[in-house]
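Residue-level listing of the chains:
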Amino acid sequence: MRAFIELRDGLNSLETACVNQHGANWLHAACDLRASLLGDQGRKGAISELIALFGDLKSYLNKLCDDAPQYREKIQQSCDQVDMLIAQIQSGLPEACDYLAKDALVNAYLNAQKKHDWLGHKLCMQQSIKAIWSKSDARTLPLHQALAPLSSAVDSLDQMLNDFVGWKKCIANGGTGHITPERGKSFGLLVIALPDDTVAEGIIPDISGNRLAIRLRFQRWSAGQPPADHNEDIPYAMMLVPIGYAT
């Protein structure tokens, strides 16, 4: 599940940087995607996990058909969509991986992040980006076109992971919440939802635990300050997605 989330966020960051015409952000996102698609030290490629998640989702949907036959037709439509998305993943992927592996600017930016930048990429990179980005469409369009089928599949999976699970409303008394996953089930993703104004105030949950018990401790992240426990009651919503259990 982690590799999928990294891939999803990398694709979103790449698209946002392209829309905003921010060269450095685009390069940073491209390097992150390179690690997701090609693998990196301590980070496996995301495509195998993406396909496994689709398989887990289809198995989960088939079980739902048995448990709720009245929704069989709608669930079968979702299963058919999963098959279509799995087939779609490979379209454009070889071109995207080839681009990320060979593009000189992406590789120079990647080298600039390394501790030992022997060729001095870091010293000239920021001055070069603006000039290179004057023709950004020619540079970015081939990658974005190649990634379009993958982006669509990832967005669809992200939506489907939430479609068959309901939200549960909770209160963190004194800023502390506890979640007890149902025994006998495997959950691959915990999603916590907070109101926008709460997050804007810098209130973020610190999450710890395991498959038997999860603890939330809400903290306030103030500018220039270390995190501080938030000791007031906090309403939040949560869902546990029973797909993609990470062993």
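Residues numbered from 1 in each chain as written. Predicted model: local features only at pLDDT ≥ 70, side-chain atom pairs only at ≥ 80, totals over all residues. Heavy atoms only, no water.

A. Looking closely at the sheet that holds strand β1 (residues 168-172). Pairing is antiparallel in the open sheet, where three strands are placed in the order β1-β7-β3. The open sheet has two edge strands, β1 and β3 (189-193), and neither has a second partner. When the angles between neighbouring strand axes are averaged without regard to direction, this sheet yields 35°. (Pairing = 2+ DSSP bridges. Helix = DSSP H or I, 4+ residues; strand = E, 2+ residues; numbered from the N terminus. Axes fitted to C-alpha atoms, helices over the stretch in contact; angles between N-to-C directions.)

B. Region of the structure containing the packing of aromatic side chains. Overall, the coordinates contain one aromatic pair when judged by the stated rule. Judged by centre distance (5.7 Å) and plane angle (45°), the rings of F218 and Y236 are tilted. Of this pair, F218 sits in strand β5 (residues 214-220) while Y236 sits in strand β7 (residues 234-241), and the two are 18 residues apart along the sequence. Accessibility expressed as a relative area gives 5% for Y236, which makes it buried. (Phe/Tyr/Trp six-rings, centres within 6.5 Å; stacked < 30°, edge-to-face > 60°. Buried < 20%, exposed > 50% of the residue type's maximum accessible area, 1.4 Å probe, protein only.)

C. Broad picture of the nonpolar core. Formed by 56 residues in total, the largest nonpolar core has its most connected members in L7, W26, L37, L50, L147 and L150. If you tally residues by element for this core, the top one is helix α8 (residues 136-163), at nine residues. Setting aside chain neighbours within four positions, we find L147 in contact with L11, L14, L33, L37 and A96. Membership of the second largest hydrophobic core comes to 13 residues, among which are A172, I203, F218 and M238. (Core = buried A, V, L, I, M, F, W, Y, C linked by side-chain atoms within 4.5 Å. Contact = heavy atoms within 4.5 Å.)

D. The side chain of R34, seen in detail. For R34, the position within the fold is in helix α2 (residues 23-38). A polar contact is formed between the side chain of R34 and the backbone oxygen of L100, at a distance of 2.9 Å. For R34, the contacting residues outside a window of four places in its chain are G39, L100, A101, V106, N107 and L110. (Polar contact = N/O pair within 3.5 Å; in protein donor to acceptor, adjacent residues only side chain to side chain.)

E. Highlighting the pattern of salt bridges. For the structure on display, the rule yields nine salt bridges. With a shortest N-O distance of 3.3 Å, R2 and E6 are connected by a salt bridge. Pair noted here: R2 and E6 are both in helix α1 (residues 2-19), with a separation of four residues, about one helical turn. The exposure class of E6 is partly exposed, given its relative accessible area of 24%. A salt bridge links R8 to D158; its shortest N-O distance comes to 3.2 Å. Separated by 150 residues along the polypeptide, R8 in helix α1 and D158 in helix α8 bring together distant segments of the chain. By relative accessible area, which is 23% here, D158 ends up partly exposed. If you follow the salt bridges from partner to partner, you end up with R8, D9 and D158 in one network. (Salt bridge = Lys/Arg side-chain N within 4 Å of Asp/Glu carboxyl O.)

F. Main features of the environment of V241. As for its placement among the helices and strands, V241 is situated in strand β7. Judged by its relative accessible area of 0%, V241 falls in the buried class. Measuring from C-alpha to C-alpha, the distance between V241 and S36 comes to 22 Å, with 205 residues separating the pair along the chain. Not counting residues up to four positions away in its chain, the partners in contact with V241 are L161, V165, F187, G188 and L189.

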